[in-house]
Amino acid sequence: MRFTIQRDKLINGVSNVMKAISARTVIPILTGMKIEVKNHGVTLTGSDSDISIEYYIPTEEEGIIHVENIEEGTIILQAKYFPDIVRKLPESTVDIVVDDQLNVRITSGKAEFNLNGQSAEEYPQLPKVQTENSFELPIDLLKSMIKQTVFAVSTMETRPILTGVNMKLVDKLLSFTATDSHRLARREIPVSNAPMEVSQIVVPGKSLNELNKILADSEETVEISVTNNQILFRTKHLNFLSRLLDGNYPETSRLIPEQSKTKIQVKTKELLGTIDRASLLAKEERNNVVKFNAPGNSMIEISSNSPEVGNVVEEITADQMEGEEVKISFSSKYMIDALKAIEYDEVQIEFTGAMRPFIIRPVGDDSILQLILPVRTY
């Protein structure tokens, strides 16, 4: 096997595929990276059996040649060394040659590396996902859906199902929901081109975080296909395959209050800054608790008190306020996460009582919802 490839293309492919390769894996060959060379292009594969990533570099694209001098074949290279070698090569092209004894020679300019390869026969076959059951989304929309929900997944393995994002596609409405049982994040969008429904699947939060890093901010679309225990995200150059979490996701819709006693509209940036400052003195406590007091005259007082450290009080003015007065305490971290995920200038916060969950939404957009459970201090 042999091929000559543009180094920047190879670096890009290798760094994407490395996101799926773990040094700690039960199957030793999965610590390696699979390189498959065909006349039409080179496919790089990495997997830790939870996530598998295939990255495809075509021989030629829009009249530009990326790969030449091709002799077809497949090899596994040690992922511990290969990426660093590729990154530090001196020239813009890389020549890779494999002999019958699986010795791999990598040359670029005057630099030459020799690595021991492994036979690809041992490498597990990736499960094939049927792509006729699929729908498409613009990449930037998928990325914003991930960003607005995935931070709220649980980091505790006590309830593994909560470490994932619940994905549903029903009546041409796609929804992502994440909760760690103290807060909840949900985003919904209409999908007109979906030929099928997904009643409920749970995608690991770790997979979505990695996918979000790999997908370039582009106008392209991503094709999403689901089978009973795998989900595939596919773009022109990338196949990203993740296993799904087993189990039933809790019914979260009943957590969301139907009506509210108080509604407050406030500028997102101003509220975020105030809570961020109040949290500076709340570090001693486990939850970084801040108190929120709105007596009903459009002034909001945000405070934090730490007996050993001191206290902080700051007032901001609500743009609009209706309903009863509110005194409530909550985790500043949860509130900051929620406000950062809502990329709108103004938010509406709806309260139903001091010990009831409250809702944050962008003003004029019901498709994004953040819910936080308060902390008992009053």
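Here we summarise the structure given alongside this text. Just so it is clear, the model here is predicted, and its values are computed rather than measured. (Residues numbered from 1 in each chain as written. Predicted model: local features only at pLDDT ≥ 70, side-chain atom pairs only at ≥ 80, totals over all residues. Heavy atoms only, no water.)

## A closer look at the overall build of the protein
This is how the line gets drawn: Each helix is a run of H or I in the DSSP string that is no shorter than four residues. Each strand is a run of E no shorter than two, and both are numbered from the N terminus. Think of it in three bands: residues with accessible area under 20% of the maximum for their type are buried, residues over 50% are exposed, and the middle band is partly exposed, with areas taken using a 1.4 Å probe on protein chains only. Note on contacts: a residue pair is in contact if any heavy atoms of the two residues lie within 4.5 Å. All accessible areas in this document rest on Shrake-Rupley with a 1.4 Å probe, and a residue is counted as covered only by the protein chains that are shown. Only four residue types enter the charge count, namely Lys and Arg as positive and Asp and Glu as negative; His and the chain termini do not. For this purpose, a charge sits on NZ of Lys, CZ of Arg, CG of Asp or CD of Glu.
Each helix and strand counted, the protein has six helices and 28 strands in total. In terms of overall dimensions, the protein has C-alpha extents of about 80 × 50 × 40 Å along its principal axes. Per-residue burial over the protein gives 52% buried out of 378 residues. For the protein, restricting intrachain contacts to residue pairs at least 6 apart in sequence, the fraction spanning at least 24 positions comes to 66%. Summing over all exposed atoms, the protein offers an accessible surface of approximately 18800 Å²; the carbon and sulfur share of this is 45%. Here the protein carries 41 positive and 54 negative side-chain charges, and the mean point of each set is 4 Å from the other.

## Here's the deal with the sheet that holds strand β27 (residues 358-362)
Counted only if it meets this: Two strands qualify as a pair provided DSSP detects at least 2 bridges between them. Angles shown run from 0 to 180 degrees and are taken between the N-to-C directions of axes, each axis being a line fitted to C-alpha atoms and, for helices, limited to the stretch in contact.
Strands sit in the order β16-β13-β14-β15-β28-β27-β26-β20-β24 across an open sheet of nine strands; the sheet is antiparallel. In the strand order of this sheet, the two ends are held by β16 (198-204) and β24 (320-323), each with one partner. Taken over all neighbouring pairs, the strand axes of this sheet differ in orientation by 20° on average, direction set aside. The sheet strands contacting helix α5 (residues 268-278) are β20 (262-267) and β26 (346-351), and the helix crosses β20 at an angle near 95°. Against the sheet, helix α6 (residues 332-341) engages β15 (183-190), β26, β27 and β28 (368-372), with an angle of about 175° to β28.

## A few points about the sheet that holds strand β21 (residues 289-294)
Across the sheet, four strands lie side by side as β23-β22-β21-β25; this open sheet has antiparallel pairing. The open sheet has two edge strands, β23 (310-317) and β25 (326-331), and neither has a second partner. Strand-to-strand twist across the sheet, computed as the mean angle between neighbouring axes with direction ignored, equals 20°. Examined bridge by bridge, β21 and β25 share six bridges and lie antiparallel to one another. Paired with Val289 across the bridge in β25 is Ser331. Relative to β23, α5 is tilted by about 170°, and along the sheet it contacts β21, β22 (299-306), β23 and β25.

## Quick notes on the pattern of salt bridges
A side chain with one charge may pair with a side chain of the opposite charge, provided their charged atoms come close. Let me state the cut-off plainly: Salt bridge, as used here, is a side-chain nitrogen of Lys or Arg placed within 4 Å of a carboxyl oxygen of Asp or Glu.
In total, this model carries 16 salt bridges according to the counting rule given. Between Glu61 and Lys236 there is a salt bridge, with its nearest N and O atoms 3.8 Å apart. Taken together, the residues Glu61 in strand β5 (residues 60-61) and Lys236 in the loop between β18 (230-234) and β19 (238-243) connect sequence positions 175 residues apart. Classification of Lys236 as exposed rests on a relative accessible area of 55%. Note that Lys213 and Glu210 form a salt bridge whose closest N and O atoms lie 3.7 Å from each other. Residue Lys213 and its partner Glu210 are both found in helix α4 (residues 205-214); the two are separated by three residues, about one turn of the helix. With a relative accessible area of 56%, Lys213 lands in the exposed category. Ionic contacts of the salt-bridge type, sharing partners, join the residues Asp180, Arg183, Lys333 and Asp337 into one network.

## Examining the nonpolar core
Across soluble globular proteins, nonpolar side chains show a tendency to be buried alongside one another. We apply this condition: Here, the term nonpolar core denotes a set of buried Ala, Val, Leu, Ile, Met, Phe, Trp, Tyr and Cys residues that are joined through side-chain atoms within 4.5 Å.
If you look at the biggest cluster of nonpolar residues, it comprises 66 residues, and the most contacted ones within it are Ile35, Phe82, Phe135, Leu142, Met167 and Leu174. Apart from the residues within four sequence positions on either side, Leu174 is in contact with Phe135, Leu137, Met145, Met167, Lys168, Leu169, Arg187, Glu188, Ile189 and Val191. Within the second largest apolar cluster, 30 residues are counted, among which are Val312, Phe358, Ile360 and Ile372.

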